[in-house]
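Close look at the chain arrangement
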Amino acid sequence: MTIEKKSSIRVAKSENGAHHETEKKMEKGSDPQDTITAPKTIIIKPGGGISEAPPMLQPGRDGLPSNVHRCQEKWQNYIMYHFGDIGIFFTTRKYPLIEQPTFKKSILRDKSGILKTIYIDNLKAYTKKKEKLREKKVATFAFMFGQMSEESKQVCARDPKYDEAILQQSNPLKLWNIIMRTHLSEQTGHSRMNRRVARKAYETLRQDEGETLLNFKRRYEDALKTLKASGESTPSDEDQAIDFLEKLDQNKFAEFGADLHNDAANKQEMGVPDTFPDTLAKMYACASRYKIVVNKGRTQTGG
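Residues numbered from 1 in each chain as written. Predicted model: local features only at pLDDT ≥ 70, side-chain atom pairs only at ≥ 80, totals over all residues. Heavy atoms only, no water.

Before going further, it helps to spend a moment on the overall build of the chain. Tallying secondary structure elements over the chain gives 12 helices and 4 strands in all. Taken over 303 residues, the chain has a buried fraction of 38%. Taking all contacts inside the chain whose residues are at least 6 apart in sequence as the whole, residues at least 24 apart take part in 58%. Counting only carbon and sulfur atoms, one obtains 50% of the accessible surface of the chain, whose full area is about 18,400 Å². (Helix = DSSP H or I, 4+ residues; strand = E, 2+ residues; numbered from the N terminus. Buried < 20%, exposed > 50% of the residue type's maximum accessible area, 1.4 Å probe, protein only. Contact = heavy atoms within 4.5 Å. Areas by Shrake-Rupley, 256 points an atom, 1.4 Å probe, with all protein chains shown as cover.)

As structure tokens, then:
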């Protein structure tokens, strides 16, 4: 017996205006798990999982870059937690691939009808997955649009494809591409000024007091991405390692840096191969293992 389903999509603003909600109504006989809803609040798993609200997207201002890279990470985790693998588009810039079943001539030659039945079942499953993906797109778009500040919407509105994306309200990848184009550096309206802003943000970047090493590494990587996106040249791998070292909190890592430099200088003088970390990953690994003396009798690692 075939169960027919009808659905209607409604997008509405939540009470706090930060999220949108998408509801799907079905006739009797449908699977309740097929309902797609853009969540209003974070759902915390008993065993851990997402426990913080996703950030609001902000454009760059006053010489500081946008938080678009942080949004990319947090939004992707949030969407994948609630809607599944559709969230991979934040990284891959593609939607999940749904393979369409292939009709083969052997199906026509099969007198038992088994192959035909299998093909029809696969085709139904394919159609259902496509419809489910479409519904997830609508819900994801609603969530993203709800997480954009008014300033970010104004910046995105400069993009020629923004109006079309807003009218469709069903293509979150298109909206994300617009966000990336308009938020990767402070939009001054002048490409050379954008490069200067990105360069200045990189040059003045420092680890904040009390900031974890991992969080600073993420901010440092974001600054590198902004440099590249603005068209500014990025430092070499070796320079990235040294820059990262020099930008660390000197109240914690001054001795660590001095030890590395002294060790490298001594080995160079003795003609011994240099073991100074020559990539960002290696420098981070060394810094994270470094023992920081907090007070007498207590130590902590760099992270």
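So, about the side chain of Asp 110. Positionally, Asp 110 belongs in the loop between helix H3 (105–109) and helix H4 (114–146). Buried and unpaired, Asp 110 has no salt bridge, with Arg 109 as the nearest side chain of opposite charge at 9.2 Å. Here Asp 110 is in contact with Leu 115 and Lys 116, once residues within four sequence places are set aside. (Lys, Arg positive; Asp, Glu negative; His and termini not counted. Salt bridge = Lys/Arg side-chain N within 4 Å of Asp/Glu carboxyl O.)

Averaged over every residue, the pLDDT of the chain is 81; the share at 70 or more is 77%. Mean pLDDT per element in the chain: strand E1 (residues 9–13) is the minimum at 40, and helix H10 (residues 237–247) is the maximum at 96. Scored below 50 in pLDDT, residues 40–48 makes 18 contacts in the model with residues more than four places away or belonging to other chains. (pLDDT = per-residue confidence, 0-100.)

What follows is about the packing of helix H1 (residues 68–83) against helix H7 (residues 172–183). In the contact formed by H1 and H7, the axes pass within 10 Å of each other and the chain directions differ by 155°. By the angle class used here, H1 and H7 are roughly antiparallel. Along the contact surface, H1 presents Val 68, Gln 72 and Trp 75, while H7 presents Trp 176, Ile 179, Met 180 and His 183. (Axes fitted to C-alpha atoms, helices over the stretch in contact; angles between N-to-C directions. Parallel < 35°, antiparallel > 145°, perpendicular 65-115°, else oblique.)

The subject of this paragraph is the pattern of salt bridges. Where charged atoms from two side chains of opposite charge come close, those side chains can pair. Counted according to the given criterion, the structure contains 12 salt bridges. For the salt bridge of Glu 73 with Arg 218, the shortest nitrogen-to-oxygen distance reads 3.9 Å. Of this pair, Glu 73 sits in helix H1 while Arg 218 sits in helix H9 (residues 213–230); the two residues are 145 residues apart in sequence, bridging distant segments of the chain. Residue Arg 218 is classed as partly exposed on the basis of its relative accessible area, which comes to 35%. We note a salt bridge from Arg 219 to Glu 211, for which the minimum N-O separation is 2.8 Å.

This next bit is on helix H12 (residues 280–289). Of the residues making up H12, those classed as buried are Leu 280, Met 283 and Ala 287. One face of H12 carries all of its buried residues, which in axial projection span an arc of 65°. Of the exposed residues in H12, the ones pointing more than 90 degrees away from its buried face are Ala 281 and Arg 289. Contact partners of the buried residues in H12: H9, H10 and helix H11 (250–270). (Arc of directions from axis to C-beta.)

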